[in-house]
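# Structural overview
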Amino acid sequence: MKKTKMLKKNYEFKNVLSKGKYYSGFCIEAFIRKNNLKNENLLGIAIGTKIAKATKRNHIKRLIRESYKNIEDSINTGYSIVFLWKKKIDIKNANYKNIKKDIEKIFDKAEILDEE
RNA sequence: UAAGUAAGUUAAAUAGUCGCUGGUAAAUUCCGAAAGGAAUUACGAGAGGAAAGUCCGGGCUCCAUAGAGCAAAGAUGCUAGAUAACGUCUAGUGAGGGUGACCUUAAGGAAAGUGCAACAGAAAAUAACCGCCUAUAAAUUAGGUAAGGGUGAAAAGGUGAGGUAAGAGCUCACCGCCAUUAUGGUGACAUAAUGGGUCAGUGUAAACCCCAUCUGGAGCAACACCUAAAUGAGAAGAUUAAGCCUGCUCGGCGCCUUCUUAUCUGCGUGGCUUGAGGUAGAUAGUGAUAUCUAUCCUAGAUAAAUGACUAUUUUAAAAGACAGAACCCGGCUUAUAGAUUUACUUAUUUC
RNA sequence: GUGCUCAUAGCUCAAAUGGAUAGAGUAACUGCCUCCUAAGCGGUAGAUGGGGGUUCAAUUCCCUCUGGGCACA
C-alpha cells in the first residue's frame, strides 16, 4: 500500500482553491485540479475554525480521510483534491455514511473514477 | 420519607476486520565502502479532568552581568504554617450570612500629608436655618443652648433617669468606644479588671499616597547544529578579458574567482520527554505536606497520529456531556450529561 | 507562543474628575403639509457585551467570562 500524500503548504492550497474546479455534495465541497505528478494523488482537507471546535474538526477530518481511503484505489491518478465543509450545515450531520455518499457523488460528477 | 450541606469516585467494557503515529527486534529484503537509510513482518504502546482560557508561579534556554544600593514602574497585603515558588493551599482569628449542617470575605495605615463627598440641606467638617430660654424691647437687638423639626447615603455615641431659665456626658445606670494592666495563646486575637466624658478630626486608600514584602528582560517559532541557494559588507587574487565616466593616465563605479561574516527564505536534526514522575505501604503532623521502603516506565506529532464497520454485555439512553497534548511541571478560572460513595443538618411520621 | 486594544439606540459616533433624567446624526414608526409622493416641520422608542465586588452612588474603579480587531517572532 502507498501512503496517501497530503498537501502541506499554504500556496498549494491556494493554487487548488483558486484554479481548481468546484464540485459540491450535500455537506462537502471539493476543488479538484490536475497535478504535475502523474502517479500520485494529493489530498488536502481544510475546515474553518468558525465551524466547530478542535475535537469536532478533527473528527470530520478523520471521517473524510477514512472514506477517501476506501475509494482511493478506484480513482485515476494525477489530481490534487481539497475538501471543505459547508458552512451552512450543522455538524450533527457529520456521519461516516453521509460523507462517503458525498465523496462518491463528487467523484462521479468529476468523472475521475476508473471505469475498470 | 422529604428538603438540603460538604467532600469524593467514574468519564462505558469486550471481541473481530481494515487503517494511522512513533518505539523495540543479533528478523528478512534493497541501497551504500562504511556510518547508516528505506520497505516488509512480528511484538507490545498510543489524549484529559479539565489537555481549554493564558490569569499567576517555577524549571530550562539565550541576552546580560543583575555582587550591592538607589530611583522609577508593577504586584501582593489579618495570623501561623506548607511549598522549588506563587496572587496557590492548609489550620486558625475577626467581620458578615443561614433555623442548622455550613458558606462568603483584596481583612495593613484615615491621629504623616493631599484630594473628593453631586443634588438637597443652615451646615458635608473648627456646625446653627426653624426652634427653645434669658435680658432689652415690642414686625428688634444682645447672649445662652444643641433636646425637638427638616435635608441627606452620612449630621458629631444610644436608651432611661436626674438636673436646668432652656439645655447639654453636665451627672448617674446599662450598652457601645478608647487606653492601661493581668491571664491564655507561637501569633492574629480572646477573656477579665481598672481607668477615661478632651467620647469635638465622619466616610472614602478597589482616590493619590504611606508602611511592609517581592520582581533584570525575552521566550522552545527560545537556543544549538548541518545542507543548498540568494542578497549586503569586508579581505585577497587574477587580469584588463565585457562595460561606463575620458582623447590618455591616475582614480571611481562595475564584473570574475576564493575566503570570512551578517541577514532573510526554505529543508532536516537535536532541544523532546526519567520528572519538584506515578502507584502501594509505613511513620510524623489537626491538616496542607514531609521522610522512608517497595515497585513501575506510561504519547512525542509537525496540514499534525486514537478512526470506520460488525457483534455482544451493562444502561432510561451507547447516533454519546464538556472537550484534542504541541517544551515540561505546581496552581487558579471557566465548561461539563449521567451514574455513584461517604459524612452531616433540618422538618414530619412511626416504634 | 507572547503582547496590546476595543465593546454605548437597528447603523455611525459623543459624553465625564465616579454625581442627578446617558446625547447627536441617520434609519424605523407616526401626525401635519400635498390631489399623491419626495422634501420640510413635530412626536415616539434604549438591559452602556454578560456576571460579581468596592462605594452613599459605577458607563467610569477592581475581578472574572464572552466576542471582535491589531502587532511581533
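Residues numbered from 1 in each chain as written. Chains lettered and ligands numbered in written order. Predicted model: local features only at pLDDT ≥ 70, side-chain atom pairs only at ≥ 80, totals over all residues. Heavy atoms only, no water.

Moving on to the confidence of the model for chain A. Model confidence for chain A is summarised by a mean pLDDT of 70, while 63% of its residues fall at 70 or above. Ranking the elements of chain A by mean pLDDT puts strand S1 (residues 5-6) last with 67 and strand S2 (residues 21-24) first with 80. The ipTM, which scores confidence in the relative placement of chains, is 0.71 for this predicted complex, and the corresponding pTM is 0.71. (pLDDT = per-residue confidence, 0-100. Helix = DSSP H or I, 4+ residues; strand = E, 2+ residues; numbered from the N terminus.)

So, about the nonpolar core. Judged by nonpolar contacts, the single largest core of 23 residues is most densely connected at Ile28, Ile32, Ile64, Tyr68, Phe83, Ile103 and Phe107. Counting only elements with at least two residues in this core, the list comes to strand S3 (28-34), strand S4 (42-46), helix H2 (54-71), strand S5 (79-85) and helix H3 (96-110). Residues Phe13, Phe31, Val82 and Leu84 belong to the second largest nonpolar core, which totals 5 residues. (Core = buried A, V, L, I, M, F, W, Y, C linked by side-chain atoms within 4.5 Å. Buried < 20%, exposed > 50% of the residue type's maximum accessible area, 1.4 Å probe, protein only.)

With that settled, the discussion passes to a positive patch on the surface. Where like charges cluster on the molecular surface, the positive patch consists of Lys61, Arg62, Arg65 and Lys69. For Arg62, the position within the fold is in helix H2. (Patch = residues over 30% accessible without salt bridge, like charges linked within 9 Å, V, L, I, M, F, W, Y side chains within 5 Å. Areas by Shrake-Rupley, 256 points an atom, 1.4 Å probe, with all protein chains shown as cover. Salt bridge = Lys/Arg side-chain N within 4 Å of Asp/Glu carboxyl O. Lys, Arg positive; Asp, Glu negative; His and termini not counted. Charge placed at Lys NZ, Arg CZ, Asp CG, Glu CD.)

Turning next to H2. Since the α-helix packs 3.6 residues into each turn, any two residues three or four apart lie on the same face. The end-to-end C-alpha separation of H2 is 26 Å, in line with the 26 Å expected for 18 residues at 1.5 Å each. Every buried residue of H2 is listed here: Ile60, Leu63, Ile64, Ser67, Tyr68 and Ile71. Around the axis of H2, the buried residues are gathered within 130 degrees of arc, so they sit on the same side. Those residues of H2 that are exposed and aimed more than 90 degrees away from the buried face are Thr55 and Arg62. Buried residues belonging to H2 abut S3, S4, S5 and H3. (Expected span 1.5 Å × (residues − 1). Arc of directions from axis to C-beta. Contact = heavy atoms within 4.5 Å.)

Burial of S3 is extensive: 5 of the 7 residues sit out of reach of the surface. In this sheet, S3 lies alongside S2 in antiparallel orientation, the contact comprising 4 bridges. Residue pairing in the sheet places Ser24 in a bridge with Glu29 of S3. Between the end of S2 and the start of S3, which pair antiparallel, lie 3 residues. Relative to S5, S3 is paired through 7 bridges, and the arrangement is antiparallel. Bridging across to S5, Glu29 finds its partner in Leu84. (Pairing = 2+ DSSP bridges.)

Before going further, it helps to examine the packing of H2 against H3. For the pair H2 and H3, interaxial distance at closest approach is 9 Å and the crossing angle is 50 degrees. Comparing the axis directions of H2 and H3 gives the class oblique. Two packed elements cross with a definite hand, and for H2 against H3 that hand is right-handed. Taken together, the residues of H3 that come into contact with H2 (itself represented by Leu63, Ile64, Glu66, Ser67, Tyr68, Asn70 and Ile71) are Tyr96, Ile99, Lys100, Ile103, Glu104 and Phe107. In terms of residue class, the contact of H2 with H3 is built from 8 nonpolar, 2 polar and 3 charged. (Axes fitted to C-alpha atoms, helices over the stretch in contact; angles between N-to-C directions. Parallel < 35°, antiparallel > 145°, perpendicular 65-115°, else oblique. Left-handed = near helix turned anticlockwise from the far one by under 90°. Nonpolar A, V, L, I, M, F, W, Y, C, P; charged D, E, K, R; others polar.)

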